[in-house]
Amino acid sequence: MIGATVAILLALAPAMAGLAPPGGNGAQTADRAVVWAAGDVAGPGARADRVSALVRNAEPDRFLYLGDVYETGTAAEFRRWYHPRLGSLARITDPTIGNHEWGSRLSGYYPYWAARKGRNQPPWSRTRIAGWEILNLNSQAQHGPGSPQLRWLKRALEGPGDCRIAFWHRPRYSAGAHGNAADLDPFWNRLAGRARIVLSGHDHNLQRHRARRGIRQYVVGAGGRARYSLRARNPTIAWGADDVDGALRIVLKPGRALLEFRTTSRRLLDRSRATCSAQ
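These numbers were taken from a predicted model, which means no experiment stands behind them.

Reading the values: rules and limits
- Residues numbered from 1 in each chain as written.
- Predicted model: local features only at pLDDT ≥ 70, side-chain atom pairs only at ≥ 80, totals over all residues.
- Heavy atoms only, no water.
- Disulfide = S-S within 2.5 Å.
- Helix = DSSP H or I, 4+ residues; strand = E, 2+ residues; numbered from the N terminus.
- Axes fitted to C-alpha atoms, helices over the stretch in contact; angles between N-to-C directions.
- Parallel < 35°, antiparallel > 145°, perpendicular 65-115°, else oblique.
- Left-handed = near helix turned anticlockwise from the far one by under 90°.
- Contact = heavy atoms within 4.5 Å.
- Nonpolar A, V, L, I, M, F, W, Y, C, P; charged D, E, K, R; others polar.

1. With respect to the state of the cysteines
(1) Moving on: Summed over all chains, the structure comprises 1 disulfide.
(2) Moving on: The disulfide bridge from Cys163 ends at Cys276, spanning 2.0 Å between sulfur atoms. Taking the torsion about the sulfur-sulfur bond, which here is approximately 95 degrees, the covalent link between Cys163 and Cys276 counts as right-handed. You can see Cys163 sitting in the loop between α6 (148-156) and β6 (164-167) and its partner Cys276 sitting in the segment after β13 (268-275), a full 113 residues away along the chain.

Now the structure itself:
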(Lines give C-alpha, C1' and ligand atoms only; values in the text may rest on other atoms or scores of the structure.)
Protein backbone atom coordinates (compact mmCIF):
# COMPACT_ATOMS: atom_id res chain seq x y z
CA MET A 1 0.00 0.00 0.00
CA ILE A 2 2.79 2.43 0.86
CA GLY A 3 4.51 1.69 -2.44
CA ALA A 4 1.34 2.61 -4.31
CA THR A 5 1.00 5.77 -2.22
CA VAL A 6 4.53 6.91 -3.00
CA ALA A 7 4.08 6.18 -6.69
CA ILE A 8 0.92 8.29 -6.84
CA LEU A 9 2.59 11.13 -4.96
CA LEU A 10 5.51 11.13 -7.37
CA ALA A 11 3.05 11.40 -10.24
CA LEU A 12 1.39 14.39 -8.55
CA ALA A 13 4.67 16.19 -7.87
CA PRO A 14 4.94 18.24 -11.12
CA ALA A 15 1.51 19.73 -10.58
CA MET A 16 2.26 20.67 -6.99
CA ALA A 17 5.83 21.91 -7.32
CA GLY A 18 6.39 25.58 -6.60
CA LEU A 19 3.13 26.15 -4.71
CA ALA A 20 4.91 26.81 -1.41
CA PRO A 21 8.47 27.24 -0.21
CA PRO A 22 10.18 24.09 1.02
CA GLY A 23 9.61 23.18 4.66
CA GLY A 24 12.38 23.31 7.23
CA ASN A 25 13.20 19.60 7.35
CA GLY A 26 16.96 19.95 6.91
CA ALA A 27 19.55 19.57 9.64
CA GLN A 28 19.55 22.44 12.14
CA THR A 29 22.46 23.49 14.31
CA ALA A 30 20.90 25.75 16.96
CA ASP A 31 21.96 24.92 20.52
CA ARG A 32 18.43 25.64 21.78
CA ALA A 33 15.03 25.15 20.20
CA VAL A 34 11.42 25.31 21.33
CA VAL A 35 9.17 22.64 19.87
CA TRP A 36 5.41 22.40 20.37
CA ALA A 37 3.33 19.25 19.88
CA ALA A 38 -0.45 18.82 19.68
CA GLY A 39 -2.89 16.38 18.17
CA ASP A 40 -6.60 16.16 17.35
CA VAL A 41 -6.93 19.92 16.81
CA ALA A 42 -8.39 20.03 13.29
CA GLY A 43 -12.13 19.91 13.86
CA PRO A 44 -15.01 22.27 14.56
CA GLY A 45 -15.33 24.34 17.72
CA ALA A 46 -13.93 27.23 19.71
CA ARG A 47 -11.85 24.93 21.91
CA ALA A 48 -9.80 23.82 18.92
CA ASP A 49 -9.41 27.49 17.98
CA ARG A 50 -7.87 28.17 21.37
CA VAL A 51 -5.43 25.24 21.21
CA SER A 52 -4.20 26.26 17.78
CA ALA A 53 -3.87 29.89 18.92
CA LEU A 54 -1.75 28.71 21.86
CA VAL A 55 0.69 27.02 19.47
CA ARG A 56 0.71 29.79 16.85
CA ASN A 57 1.24 32.59 19.36
CA ALA A 58 4.18 30.73 20.92
CA GLU A 59 6.08 31.11 17.62
CA PRO A 60 7.77 27.70 17.89
CA ASP A 61 10.95 26.71 16.12
CA ARG A 62 9.23 23.43 15.21
CA PHE A 63 5.67 22.13 15.41
CA LEU A 64 4.76 18.44 15.55
CA TYR A 65 1.17 17.76 14.52
CA LEU A 66 0.23 14.43 16.05
CA GLY A 67 -2.57 13.59 13.66
CA ASP A 68 -6.31 13.61 12.90
CA VAL A 69 -8.23 15.98 10.69
CA TYR A 70 -11.94 15.49 11.27
CA GLU A 71 -13.99 13.71 10.31
CA THR A 72 -12.28 11.85 7.47
CA GLY A 73 -9.43 14.10 6.37
CA THR A 74 -10.89 15.18 3.04
CA ALA A 75 -9.38 18.05 1.08
CA ALA A 76 -12.35 20.18 2.10
CA GLU A 77 -11.79 19.38 5.78
CA PHE A 78 -8.12 20.27 5.53
CA ARG A 79 -9.18 23.62 4.02
CA ARG A 80 -11.89 24.21 6.61
CA TRP A 81 -10.42 22.89 9.85
CA TYR A 82 -6.64 22.56 9.57
CA HIS A 83 -5.45 25.33 7.27
CA PRO A 84 -7.05 28.42 8.91
CA ARG A 85 -5.70 27.39 12.30
CA LEU A 86 -2.28 25.90 11.68
CA GLY A 87 -1.49 26.35 8.00
CA SER A 88 0.67 29.39 8.74
CA LEU A 89 3.11 27.04 10.51
CA ALA A 90 3.45 24.67 7.54
CA ARG A 91 7.08 25.56 6.88
CA ILE A 92 8.12 24.38 10.35
CA THR A 93 5.55 21.58 10.76
CA ASP A 94 6.27 17.86 10.87
CA PRO A 95 2.89 16.11 10.59
CA THR A 96 2.02 12.48 11.19
CA ILE A 97 -1.11 10.93 9.77
CA GLY A 98 -3.96 9.88 12.05
CA ASN A 99 -6.61 7.22 11.77
CA HIS A 100 -9.28 9.75 10.81
CA GLU A 101 -7.53 10.95 7.64
CA TRP A 102 -5.92 7.65 6.67
CA GLY A 103 -8.74 6.54 4.36
CA SER A 104 -8.63 9.83 2.43
CA ARG A 105 -4.85 10.19 2.44
CA LEU A 106 -4.38 10.26 -1.34
CA SER A 107 -6.91 13.07 -1.81
CA GLY A 108 -6.51 14.92 1.50
CA TYR A 109 -3.39 14.52 3.62
CA TYR A 110 -0.69 13.98 0.98
CA PRO A 111 -1.88 16.62 -1.54
CA TYR A 112 -2.35 19.19 1.23
CA TRP A 113 1.18 18.81 2.56
CA ALA A 114 2.71 18.63 -0.91
CA ALA A 115 1.03 21.91 -1.80
CA ARG A 116 2.10 23.64 1.39
CA LYS A 117 5.69 22.42 1.38
CA GLY A 118 6.35 22.29 -2.36
CA ARG A 119 7.45 18.65 -2.14
CA ASN A 120 5.91 15.32 -1.29
CA GLN A 121 5.38 14.51 2.38
CA PRO A 122 7.19 11.21 3.03
CA PRO A 123 5.33 8.49 4.94
CA TRP A 124 8.10 8.59 7.57
CA SER A 125 11.06 10.90 8.02
CA ARG A 126 13.59 12.40 10.42
CA THR A 127 15.01 15.80 11.20
CA ARG A 128 17.63 17.20 13.61
CA ILE A 129 17.29 20.17 15.90
CA ALA A 130 19.26 21.41 18.93
CA GLY A 131 21.26 18.22 19.36
CA TRP A 132 18.22 15.91 19.08
CA GLU A 133 16.92 13.78 16.22
CA ILE A 134 13.15 13.72 15.71
CA LEU A 135 11.72 10.61 14.05
CA ASN A 136 8.33 11.01 12.37
CA LEU A 137 6.71 7.56 12.19
CA ASN A 138 3.39 6.27 10.88
CA SER A 139 1.15 4.19 13.15
CA GLN A 140 -1.40 3.66 10.36
CA ALA A 141 0.97 2.12 7.80
CA GLN A 142 2.47 -1.34 8.14
CA HIS A 143 4.97 -1.39 11.00
CA GLY A 144 5.50 -5.06 11.79
CA PRO A 145 8.70 -7.09 11.40
CA GLY A 146 9.96 -6.96 7.83
CA SER A 147 7.84 -3.94 6.89
CA PRO A 148 9.44 -1.12 4.83
CA GLN A 149 8.88 1.28 7.72
CA LEU A 150 10.62 -0.88 10.30
CA ARG A 151 13.53 -1.48 7.94
CA TRP A 152 13.82 2.29 7.49
CA LEU A 153 13.72 2.80 11.25
CA LYS A 154 16.49 0.28 11.77
CA ARG A 155 18.72 2.22 9.37
CA ALA A 156 17.75 5.55 10.97
CA LEU A 157 18.87 4.29 14.38
CA GLU A 158 22.31 3.16 13.29
CA GLY A 159 23.97 6.31 14.64
CA PRO A 160 25.25 6.50 18.24
CA GLY A 161 23.46 7.70 21.34
CA ASP A 162 19.83 8.00 22.42
CA CYS A 163 19.11 11.71 21.85
CA ARG A 164 15.99 10.95 19.86
CA ILE A 165 12.29 11.80 20.05
CA ALA A 166 9.86 9.67 18.05
CA PHE A 167 6.27 10.55 17.33
CA TRP A 168 3.26 8.86 15.73
CA HIS A 169 -0.50 9.10 16.13
CA ARG A 170 -1.72 6.12 18.20
CA PRO A 171 0.03 5.82 21.59
CA ARG A 172 1.70 2.58 22.58
CA TYR A 173 0.83 3.31 26.23
CA SER A 174 -2.37 5.13 27.19
CA ALA A 175 -4.71 5.36 30.15
CA GLY A 176 -7.41 6.79 27.90
CA ALA A 177 -10.35 5.25 26.11
CA HIS A 178 -8.23 3.59 23.42
CA GLY A 179 -5.86 1.99 25.91
CA ASN A 180 -2.50 0.42 25.12
CA ALA A 181 -1.70 -0.46 21.49
CA ALA A 182 0.40 -3.61 21.63
CA ASP A 183 0.65 -3.73 17.84
CA LEU A 184 3.14 -0.85 18.14
CA ASP A 185 5.65 -2.96 20.06
CA PRO A 186 7.90 -3.23 16.95
CA PHE A 187 8.45 0.54 17.14
CA TRP A 188 9.09 0.46 20.88
CA ASN A 189 11.42 -2.54 20.70
CA ARG A 190 13.48 -0.93 17.96
CA LEU A 191 13.66 2.42 19.78
CA ALA A 192 14.63 0.93 23.15
CA GLY A 193 18.11 2.15 24.06
CA ARG A 194 18.09 4.51 21.06
CA ALA A 195 15.43 7.09 22.03
CA ARG A 196 14.15 8.81 25.16
CA ILE A 197 10.72 10.24 24.31
CA VAL A 198 7.65 9.16 22.30
CA LEU A 199 4.79 11.57 21.51
CA SER A 200 1.30 10.60 20.33
CA GLY A 201 -2.26 11.94 20.09
CA HIS A 202 -5.43 9.87 19.47
CA ASP A 203 -6.73 9.79 23.07
CA HIS A 204 -8.36 13.15 23.79
CA ASN A 205 -6.54 14.02 26.99
CA LEU A 206 -3.03 14.71 28.30
CA GLN A 207 -0.78 12.01 29.74
CA ARG A 208 2.80 11.45 30.88
CA HIS A 209 3.89 7.87 31.46
CA ARG A 210 6.75 6.35 33.40
CA ALA A 211 9.71 5.19 31.37
CA ARG A 212 9.45 1.77 29.79
CA ARG A 213 12.79 0.43 28.60
CA GLY A 214 14.20 3.94 28.92
CA ILE A 215 11.45 5.66 26.89
CA ARG A 216 8.64 7.85 28.21
CA GLN A 217 5.30 8.05 26.39
CA TYR A 218 3.51 11.41 26.24
CA VAL A 219 -0.07 11.65 24.96
CA VAL A 220 -1.08 15.07 23.63
CA GLY A 221 -4.58 14.61 22.22
CA ALA A 222 -6.54 17.33 24.07
CA GLY A 223 -6.85 19.50 20.99
CA GLY A 224 -10.50 20.45 21.36
CA ARG A 225 -12.51 17.31 20.60
CA ALA A 226 -14.81 15.63 23.14
CA ARG A 227 -12.49 14.57 25.96
CA TYR A 228 -11.84 10.97 26.95
CA SER A 229 -11.74 10.09 30.63
CA LEU A 230 -8.59 8.63 32.11
CA ARG A 231 -8.76 5.24 33.75
CA ALA A 232 -8.12 5.25 37.48
CA ARG A 233 -5.87 2.20 37.33
CA ASN A 234 -2.99 2.11 34.91
CA PRO A 235 0.47 0.74 35.76
CA THR A 236 2.47 3.19 33.68
CA ILE A 237 0.83 6.61 33.92
CA ALA A 238 2.66 9.15 36.08
CA TRP A 239 0.45 12.18 35.42
CA GLY A 240 -2.67 12.94 33.43
CA ALA A 241 -5.50 15.41 32.87
CA ASP A 242 -8.83 14.75 31.17
CA ASP A 243 -10.68 17.97 31.98
CA VAL A 244 -8.64 20.56 30.09
CA ASP A 245 -7.39 21.33 26.58
CA GLY A 246 -3.76 22.04 25.83
CA ALA A 247 -0.49 21.19 24.15
CA LEU A 248 3.07 20.16 24.98
CA ARG A 249 5.95 22.64 24.99
CA ILE A 250 9.43 21.10 24.64
CA VAL A 251 12.64 23.06 25.14
CA LEU A 252 15.54 21.18 23.56
CA LYS A 253 19.23 21.64 24.27
CA PRO A 254 22.04 19.20 23.49
CA GLY A 255 21.66 16.38 25.99
CA ARG A 256 18.61 17.87 27.72
CA ALA A 257 14.88 18.34 27.22
CA LEU A 258 12.30 20.22 29.28
CA LEU A 259 8.69 19.13 28.65
CA GLU A 260 5.71 21.18 29.82
CA PHE A 261 2.00 20.54 29.39
CA ARG A 262 0.30 23.92 29.02
CA THR A 263 -3.38 24.89 28.93
CA THR A 264 -4.80 27.24 26.31
CA SER A 265 -4.24 30.08 28.81
CA ARG A 266 -0.58 28.95 29.04
CA ARG A 267 -1.04 27.70 32.60
CA LEU A 268 1.54 25.07 33.51
CA LEU A 269 -0.01 21.66 34.26
CA ASP A 270 2.98 19.34 34.44
CA ARG A 271 6.73 19.66 33.99
CA SER A 272 9.26 16.90 33.39
CA ARG A 273 12.82 16.61 32.16
CA ALA A 274 14.80 14.14 30.10
CA THR A 275 18.49 13.70 29.49
CA CYS A 276 20.26 11.80 26.77
CA SER A 277 23.72 10.83 25.58
CA ALA A 278 25.06 11.55 22.12
CA GLN A 279 27.44 8.58 22.38
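2. Looking at the packing of helix α3 (residues 75-86) against helix α5 (residues 109-117)
(1) Moving on: Closest axis-to-axis distance for the α3/α5 pair is 11 Å, and the angle between their directions is 50 degrees. Comparing their axes, α5 and α3 come out oblique. In terms of crossing hand, the pair formed by α3 and α5 is right-handed. Taken together, the residues of α5 that come into contact with α3 (itself represented by Phe78, Tyr82 and His83) are Tyr109, Tyr112, Trp113 and Arg116.
(2) Moving on: Partitioning the contact of α3 with α5 into residue classes produces 5 nonpolar, 1 polar and 1 charged.

3. Notes on unusual backbone geometry
(1) Moving on: Here the amide bond leading from Tyr70 into Glu71 is cis, since omega sits at 0 degrees, within 30 degrees of zero.
(2) Moving on: Within the element layout of this structure, Glu71 appears in the loop between β2 (62-65) and α3.
(3) Moving on: Here Glu59, not a glycine, exhibits a phi torsion of approximately 50 degrees, which is positive.
(4) Moving on: Here Glu59 lies in the loop between α2 (46-57) and β2.

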